[in-house]
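Per-entry structural report
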Amino acid sequence: MGWIFAVVLALVALLLTRPGWRWFYIAGATAQRDLIALWAYIKLLRYTKRHERLNYTVADVFERNVRAHPEKVAVVSETQRWTFRQVNEHANKVANVLQAQGYKKGDVVALLLENRAEYVATWLGLSKIGVITPLINTNLRGPSLLHSITVAHCSALIYGEDFVEAVADVAKDLPSDLTLFQYNNENNNSQTQTDIKQAKNLNVMLATASKEKPNKTQVNHHDKLVYIYTSGTTGLPKAAVISHSRYLFIAAGIHYTMGFQDDDTFYTPLPLYHTAGGIMCMGQSVLFGSTVSIRKKFSASNYFADCAKFNATIGQYIGEMARYILATKPSDYDRKHRVRLVFGNGLRPQIWPQFVERFGIAKVGEFYGATEGNANIMNHDNTVGAIGFVSRILPKIYPISIIRADPDTGEPIRNKDGLCELCAPNEPGVFIGKIVKGNPSREFLGYVDAKASAKKIVKDVFKHGDMAFLSGDLLVADEKGYLYFKDRTGDTFRWKGENVSTSEVEAQVSNVAGYKDTVVYGVTIPHTEGRAGMAAIYDPQKELDLDVFAANLAKTLPAYARPQIIRLLTKVDLTGTFKLRKVDLQKEGYDPSVVKDALYYQTSKGRYELLTPQVYAQVQSNEIRF
């Protein structure tokens, strides 16, 4: 028996050295986490494959819920309470009106509307006749709004009464063949006095429209459903393609991973034009028959009061919201609610424990992902600060990775063979997701703009010929595979829950400042999430009138994109490249004891005032808030 013992001993020794005894420790510590995620992933793949086989669209799945419980509440807010039947009837009316106007499969009709029940009903209705709906960010004004409409090749725009002024400002620059449909508020069924002459009154048209299902249009599972705008890494907002199959994958993915139940009631104050609110949360109503409560505009003091009023069991957040909610005065509603789980992205580890303790939250579901990307991850086991994980036992099942890259540009660092290299545990790198065409979890649909899509793809990753989606974000993985967000790379920063493109802001700031040389970058402000915009403007003669500048900037950029801090440069380093100079300026920051140029900060009233050492100290101590 001696030889058997020797073989066993050799095998044990091999396993302890390759992959090593530490591997067994990691496997034991993460097995439950990985198995729960694996089971959720199997259910997700079964769900998506079944709907692909049936060639189901999002509207098909929604109509199945309408038949199952027509009088159940689908969407509820402070002023509305719509059942599945009402949402479906409104969707059918929208479809019949637009179909009668000649719109057909493949046409593009944009939607600019605040959070309300008609929002989801409108794009659902358009999808029934194969029309694609770009979901316009309601904060956009001027050039950004115009670009978002034109870049998607829209043939029509449906806008709400609240956005008449914004649309009127760009109306003269819109394509002559683009039709405008104005949707008025409940108490106003006629055009307002500030209407746009060429616009059609959608309310009047809907009043006489049939609520029956529109004439049959062959819409397929992989057809385009909506466009959702993202800043990407450079330039103006980009229209990311969301197909019916991807909508199902995103909404079902978080449903199964986080353990949502069909009888849960969700609460979201997030805008419905973004993936988080519009798909991850509203998708629970559309696809799984849950009730979703919405709010027109986020209110920190009313967050848990709303949850109690709507009997919500699951709440949604972004990190900035969590900080605002935590900063409110203690209330009876802090624990007087039924919320068992909150989910979202960007909950800082510094406030995570305090948030769940104060509000009695049993579970936090943190997620990370890009609207246009395929590298989406979730933290389903309450690990504080983690945005997700990559399995150390079965890494090939969901092929996402962190690769070595330049921390300033995000460009992958390649080895002598021209391939990328994996980061070691606790080594920051750029997050990527392997692209596999035909696989709903691995496909990259990209943007409407093919050139913009190409910039998000990295080739020859781990072998020649393979491809991956390049997130542009720096992440770090610990020994157990938990992933943590470090920073954004390139020319994008995140502020107030929105991605901000520095090149877009630079262009607008330069124009408003009289075409002066401008550099925009993100800087860290204590007690806030993300990075605030800072603009360095070359103004050696001190010609810039900051009051006029602030007023004009407010007309061209949404609040979240306006620079919070201004630096007036008296000289520019012309020897280095523009990119390197930007990095240098970013590192110098806005400390007046370091920066010799004049610095200004934006007050709560929108004015720019001098940033003195005393003001800087108040910013650092959170006495002055942004």
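Residues numbered from 1 in each chain as written. Predicted model: local features only at pLDDT ≥ 70, side-chain atom pairs only at ≥ 80, totals over all residues. Heavy atoms only, no water.

The protein is annotated in an unreviewed UniProt entry as long-chain-fatty-acid--CoA ligase of Drosophila guanche. Check the Subcellular location (unreviewed entry) section of the UniProt entry for the protein; it says "Cell membrane". (UniProt positions renumbered as here; feature names shortened; annotations may be inferred.)

Scanning the protein for helices and strands turns up 17 helices and 28 strands. Compactness check: the protein gives a C-alpha radius of gyration of 26 Å against a globular reference of 25 Å for 626 residues, within 12% of the reference. Taking the principal axes of its C-alpha atoms as reference, the protein extends roughly 95 × 70 × 55 Å. Among the 626 residues that make up the protein, the fraction classed as buried is 57%. In the protein, once contacts between residues fewer than 6 apart in sequence are set aside, the share between residues at least 24 apart is 69%. For the protein, the accessible surface area stands at approximately 27300 Å², while carbon and sulfur atoms represent 54% of it. Between the averaged position of the 74 positive side-chain charges in the protein and that of its 62 negative side-chain charges there is a distance of 5 Å. (Helix = DSSP H or I, 4+ residues; strand = E, 2+ residues; numbered from the N terminus. Rg over C-alpha atoms; globule rule 2.2 N^0.38 Å. Buried < 20%, exposed > 50% of the residue type's maximum accessible area, 1.4 Å probe, protein only. Contact = heavy atoms within 4.5 Å. Areas by Shrake-Rupley, 256 points an atom, 1.4 Å probe, with all protein chains shown as cover. Lys, Arg positive; Asp, Glu negative; His and termini not counted. Charge placed at Lys NZ, Arg CZ, Asp CG, Glu CD.)

Contact geometry of helix 2 (residues 58-68) with helix 9 (residues 275-288) gives a least axis separation of 7 Å together with a crossing angle of 65°. Taken together, the axes of helix 2 and helix 9 lie roughly perpendicular to each other. Contacts between helix 2 and helix 9 involve Val 58, Val 61, Phe 62 and Asn 65 on the former and, on the latter, Ser 285, Val 286, Leu 287 and Phe 288. Classifying every residue of the contact of helix 2 with helix 9 gives six nonpolar, two polar and no charged. (Axes fitted to C-alpha atoms, helices over the stretch in contact; angles between N-to-C directions. Parallel < 35°, antiparallel > 145°, perpendicular 65-115°, else oblique. Nonpolar A, V, L, I, M, F, W, Y, C, P; charged D, E, K, R; others polar.)

Two faces, one strand: in a regular strand the side chains alternate between the faces of the sheet. The sheet contact formed by strand 1 (residues 73-76) and strand 2 (residues 81-83) spans three bridges and is antiparallel. Bridge pairing in strand 2 links Val 73 to Thr 83. As consecutive antiparallel partners, strand 1 and strand 2 are separated by four residues. Bridge count between strand 1 and strand 11 (residues 291-294): two bridges; the pairing is parallel. (Pairing = 2+ DSSP bridges.)

Two elements in contact, helix 2 and helix 3 (residues 84-100), have axes separated by 9 Å at closest approach and are oriented at 135°. Here helix 2 is positioned oblique relative to helix 3, judged by the angle of their axes. The hand of the helix 2/helix 3 crossing is left-handed. Facing helix 2, whose interface residues are Phe 62, Glu 63, Asn 65 and Val 66, helix 3 presents Phe 84, Arg 85, Val 87 and Asn 88. (Left-handed = near helix turned anticlockwise from the far one by under 90°.)

Quick look at the pattern of salt bridges now. For the structure on display, the rule yields 29 salt bridges. A salt bridge links Asp 539 to Lys 516, with the shortest nitrogen-to-oxygen separation between them at 3.5 Å. Here Asp 539, found in the loop between strand 25 (532-538) and helix 15 (546-556), pairs with Lys 516, found in the loop between helix 14 (502-512) and strand 24 (518-523); they are 23 residues apart in sequence, far enough to count as distant. The same class applies to Asp 539 as to Lys 516, namely buried. Salt-bridge contacts for Arg 607 lead to Asp 547; the nearest nitrogen and oxygen are separated by 3.3 Å. (Salt bridge = Lys/Arg side-chain N within 4 Å of Asp/Glu carboxyl O.)

Let's shift gears to the sheet that holds strand 25. Ordered in space as 24-25-26-27-28, the five strands form an open sheet in which the pairing is mixed. On the outer flanks of this sheet lie strand 24 and strand 28 (608-610), each paired with one strand and no other. In this sheet, neighbouring strand axes are inclined to one another by 25° on average, regardless of whether the strands run parallel or antiparallel. Pairing between strand 24 and strand 25: six bridges, direction antiparallel. By the bridge assignment for strand 25, Val 520 is matched with Ala 535. Across the sheet, helix 15 is in contact with strand 25, strand 26 (565-569), strand 27 (598-602) and strand 28; its angle to strand 28 comes to roughly 145°.

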